[in-house]
Amino acid sequence: MNARGSRVTGSGEEHINVDGIEMQTEEDEKGRISEIYKLTTRSGRLAIGDVMSINDEDIINEINKEFPKAGQMPSAYGVIQTCLSAPETGKYEGAGYKVGDWVEIQGPDTKWHLATVRRIIRQAPDEWDWNDEVNIGKEPDWVFYYNCGEYRMLEEEKLRAPQEGLIRIFGRRPWVWQQYALLRYENFVRFQHNHQADFDEVDAQEYARGLWEEWLQDPKNHDFKVLYEDVGEVGQQELIEHILSPFVEIDDVTETENGKWDFGDENISAFTYVAVLGSGLTVPLICFVMQMTIPFLLLFAAVGEREDTIFDSILSCNQFAASTYPKDDDRGGSFNSTHGKTMVTLVALFYLFKVVPDTMVSFYNTAGTADTSYSKIMSMRKMVWDQGDDRVGQMLGYKADLYMNTAFECLLYSLNLFIIYNTSDILDVILNALAIEFVHQLDEAFRASAWWDSDDRFIQAGTVELIIQRTLFLNMLKDCKRFAKWIGEEEDIVMKACGGEGECLYNRKLALEDQENTEFMNGTEAWDWRCAEAAKQLGRKFAVEEYDKPFAYFGWENKLYEVMTGRLDTAIFNKLENYRVWSRWERVLYLAKIPEKSSWQGEDADEANKEIKSSVKEPFRNHAVVAGTSPLKLFLTELLSVVTFLYLYKCVRQCYRNKNYSAMAFRMADGLANWFCYVYQMLFPFFILAALFYMPSCY
């Protein structure tokens, strides 16, 4: 996907082609860079004489140009210019951005991060053959890659124009439309295999583009359309690509053949399903009880009648009273024997070199910063959690998944070392170690069963819902005061547009009415609705299923909830039903003010915007000032926030801001539990290291 279509990297450039790879630089007025990159052979080899003729100062300037000093802060001028820079024409047409542009890049955590383009690389497609006579004298359709921030060789679809710059140009109105469009998409698609409106069949981008054109051409949106046309083609394209990015992600999820998502990821567990879908609690609950019970049964079996003196045995260590061979069971079995000490040493070594790395990798994946499907899901779940927009079932599943893949693993293996230390039979030592591995993988084992979502449709649909949920600001849409502040409008005006109600764009009664009102339907929707009503009158079951959206559930709990209450707002692709107040959306879609052109265009605006820079106190949108774009730094920043209780403070503040006081106690308890999990996870390697020396000596 080319974000800018015809835009190129700059004029007057020279490139070097080495084995089909071209690297871009910029030529200054004197042309010294073109001397560095002069082509001397067909293969692109540099002549040593040309290289050595360039002085050191010019090479240093080139390094500074392509590899700017770390820590530079983006300015408002910089992010605006990235959105507006006119396309170049020439031989190297096709690259969407140039060195020095401030762009947003999508990392493995699915978050967008503001970073600068450091280098551009263009490469011939894999199928291009330089030695083919047909290609002699021709150029391939170059594929462009970018080095941005900490990342290298990023495809252009992983880059987009910065939100900070686009909002300064267009205002908030397009992002209000984005909220509306996602709700419309959720209302349109269904969980119905082999139906044309099934989520796996609908092209989300095409659907959204249709809504965009309707909104853009609406007479009530005339002032925005004037601005939109004045900005020009480049700015228009940048805005559309940015606004449609959630729909692009949805298509990536549904088009699994592109290899971007692997829902067969072995780390996706039964708890992950609850974390994503918020339902299907029965099996995860049984799994949880088993994982809690089995280790203690093993402990009691190992300790037996010695439970009164078990802790005394840890403190009393007589390493000099060892025998070569195991003794009779009534004399202690393998305790104080060379055979026993050797076995526990080997187990401890296995834990140090296998279990410790595995738990650290699991910790990193669970934190949502790794490039795996499971980690992406956990990253999006964390975003929803941080916004305070998750449902009760989702909260329970997310926290169970988080704890069971961090502290629980460490506690489980620690307990097993304690059990092994008190096991007198060598065979039991091995069996206990294997039993713990079985317990540890129970939640993944349930999920891998043939009867559990065999085609991955439920987790796939849940991930689509998660993208929608992560992008929407659900708590803000319930609060007129916060919504008014977000769009930069007076609260009274927003309140009036919402019928004088403080709940803003959330009203169950009105949503049910508006969904049946043909004034808020397009032609296709109105036809389906009328046909569905007729089919119901005639009692034609299959016709009803064709025209009326069916309601699917994962697990029996939500189905029981529907039967008992008559409510359908827990079904897949119907959880946001209460936000479908289309009559109010028709009014608020055009409320956000349009920025004055003088604020971003002209010499005075340029000078003023150059002075506005991102900072720790007031960072630009999607700009991690301290951590930057490094996944490791982002992970360590998150770790530090939990350990220092900053995470706990943010959770409590979020509940207060959302007026969700009932969840405040839960989040406070979670903050303390999270602190323990992270701290014990960090201490676990040292615990294993100590056990490696203590256990063989005192066994």
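Structure first, text after, so check above.
Quantities reported herein were computed from a predicted structural model and do not represent experimental measurements.

Caption draft 1: The arrangement of the overall build of the chain in detail. Regarding its fold elements, the chain presents 32 helices and seven strands. Taken across its 699 residues, the chain has 53% of its residues classed as buried. The contacts of the chain with a sequence gap of at least 6 include a subset with a gap of at least 24, amounting to 73%. A total of about 33,100 Å² of accessible surface is found on the chain, and carbon and sulfur atoms cover 57% of it.

Caption draft 2: Helix α5 (residues 163–170), seen in detail. Within α5, seven of the eight residues are buried, leaving the element largely enclosed by the surrounding structure. Check the buried side of α5 and you find it contacts α4 (76–84), β3 (102–106), β7 (159–160), α6 (173–188), α8 (222–231) and α9 (233–243). At the C-terminal side of α5, G171 shows a positive phi close to 80°.

Caption draft 3: Region of interest: the pattern of salt bridges. Under the criterion given, the structure shown has 27 salt bridges. Between E638 and K382 there is a salt bridge, with the nearest N and O atoms lying 3.3 Å from each other. One end of the pair, E638, is in helix α30 (residues 631–643); the other, K382, is in helix α15 (residues 373–387), and 256 residues separate them in sequence. Each member of the pair, E638 as well as K382, carries the same accessibility label: buried. Of the charged contacts, one joins K610 and E607 as a salt bridge, the two residues approaching to 3.7 Å between their closest N and O atoms.

Caption draft 4: Representation of the packing of helix α12 (residues 282–303) against helix α17 (residues 407–421). Viewed as axis vectors pointing N to C, α12 and α17 meet at an angle of 15°, and their least axial separation amounts to 10 Å. Classified by the interaxial angle, the pair formed by α12 and α17 is roughly parallel. Seen from above, α12 lies across α17 with left-handed handedness. Seen from α12, the contacting residues are Q291, M292, P295, L298, L299 and A302; seen from α17, they are F408, L412, L415, F418 and I419. Along the lines of polarity and charge, the residues of the contact of α12 with α17 split into ten nonpolar, one polar and no charged.

Caption draft 5: Spatial organisation of the environment of E546. As for its position among the elements, E546 is in helix α26 (residues 541–547). Taking C-alpha positions, E546 is 9.4 Å from Q196, a pair spaced 350 residues apart along the chain. When near neighbours in sequence (up to four residues on either side) are disregarded, E546 contacts R190, H195 and Q196.

Caption draft 6: Examining empty space enclosed by the protein more closely. Enumeration over the complete set of coordinates arrives at four cavities of 30 Å³ or more. By volume, the largest cavity is sized at about 260 Å³. Q106, K158, V248, E249 and D252 are, among the 20 residues lining the largest cavity, the residues nearest its centre. When residues of the lining of the largest cavity are assigned to their parent elements, the largest contribution, five residues, is made by helix α10 (residues 245–254). Across the lining of the largest cavity, the residue classes break down as eight nonpolar, four polar and eight charged.

Caption draft 7: Local environment of the pairing of strand β4 (residues 112–123). Extensive coverage of β4 is indicated by the burial of ten of its twelve residues. Pairing geometry for β3 and β4, over five bridges, is antiparallel. Bridging from a neighbouring strand, E104 pairs with L114 of β4. In textbook terms, the turn of a hairpin is the stretch between consecutive antiparallel strands, and for β3 and β4 this stretch comprises five residues, one of which, T110, has a positive phi near 70°. The pairing of β4 with strand β5 (residues 143–148) spans six bridges and is classified as antiparallel. For R119, the partnering residue across the bridge sits in β5 and is N147.

Caption draft 8: Focus on the packing of α15 against helix α16 (residues 392–404). Two elements in contact, α15 and α16, have axes separated by 11 Å at closest approach and are oriented at 130°. Classified by the angle between their axes, α15 and α16 sit oblique to one another. At the point where α15 passes α16, the crossing takes the left-handed sense. Each of Y374, M378, R381, K382 and W385 in α15 lies in contact with α16, whose residues at this interface are Q394, M395, Y398, K399, D401 and L402. Broken down by class, the residue content of the contact of α15 with α16 amounts to six nonpolar, one polar and four charged.

Caption draft 9: Structural context of the environment of S449. With respect to the helices, strands and loops of the structure, S449 is situated in the loop between α19 (442–447) and α20 (457–471). A polar side-chain atom of S449 sits 3.3 Å from the main-chain carbonyl oxygen of A445. Polar contacts involving the side chain of S449 include one to the main-chain carbonyl oxygen of F446, which spans 3.0 Å.

Caption draft 10: Region of interest: a nonpolar patch on the surface. Taken together, the side chains of L411, F645, L672, W675 and F676 make up a nonpolar region of the molecular surface, amounting to roughly 430 Å² of accessible area. Element by element, the count of residues in the nonpolar patch is highest for helix α32 (residues 664–698), at three residues. On the secondary structure map, L411 appears in helix α17.

Caption draft 11: Examining the environment of A76 more closely. Considering the arrangement of structural elements, one finds A76 in helix α4. Along the chain, A76 and R168 lie 92 residues apart, while their C-alpha atoms are 8.3 Å from each other.

Caption draft 12: Looking closely at the side chain of D251. As for its placement among the helices and strands, D251 is situated in helix α10. It is R209 that comes nearest to the buried, bridge-free D251 among opposite-charge side chains, at 8.3 Å. Polar contacts involving the side chain of D251 include one to the main-chain amide nitrogen of A204, which spans 2.9 Å. Within the structure, the side chain of D251 is placed 3.0 Å from the side chain of Q205, a separation counted as a polar contact. Dropping the residues within four chain positions of it, D251 is found in contact with V202, D203, A204, Q205 and N258.

Caption draft 13: Unusual backbone geometry, seen in detail. At D456, a residue that is not glycine, the phi angle is positive and equals roughly 65°. Despite not being glycine, C504 has its phi angle at roughly 60°, a positive value. Position of C504 among the secondary structure elements: in the loop between α23 (491–497) and α24 (508–515). C504 sits in the buried class, given a relative accessible area of 0%.

Caption draft 14: Structural view of the pairing of β3. Buried residues dominate β3, accounting for five of its five residues. The alternating pattern of β3 places W102, E104 and Q106 on one face and V103 and I105 on the opposite face, and all of these are buried. Pairing of β3 with β7, which is carried by two bridges, proceeds in the antiparallel orientation. Bridged to E104 within β7 is R160.

Cut-offs used in this document
Residues numbered from 1 in each chain as written. Predicted model: local features only at pLDDT ≥ 70, side-chain atom pairs only at ≥ 80, totals over all residues. Heavy atoms only, no water. Helix = DSSP H or I, 4+ residues; strand = E, 2+ residues; numbered from the N terminus. Buried < 20%, exposed > 50% of the residue type's maximum accessible area, 1.4 Å probe, protein only. Contact = heavy atoms within 4.5 Å. Areas by Shrake-Rupley, 256 points an atom, 1.4 Å probe, with all protein chains shown as cover. Salt bridge = Lys/Arg side-chain N within 4 Å of Asp/Glu carboxyl O. Axes fitted to C-alpha atoms, helices over the stretch in contact; angles between N-to-C directions. Parallel < 35°, antiparallel > 145°, perpendicular 65-115°, else oblique. Left-handed = near helix turned anticlockwise from the far one by under 90°. Nonpolar A, V, L, I, M, F, W, Y, C, P; charged D, E, K, R; others polar. 1 Å grid on protein atoms, 1.4 Å probe; cavity = no way out; pocket = protein on both sides within 12 Å on 5 of 7 lines; lining within 4 Å. Points joined across faces, edges and corners; volume = space filled by probe spheres on them. Pairing = 2+ DSSP bridges. Polar contact = N/O pair within 3.5 Å; in protein donor to acceptor, adjacent residues only side chain to side chain. Patch = residues over 30% accessible without salt bridge, like charges linked within 9 Å, V, L, I, M, F, W, Y side chains within 5 Å. Lys, Arg positive; Asp, Glu negative; His and termini not counted.

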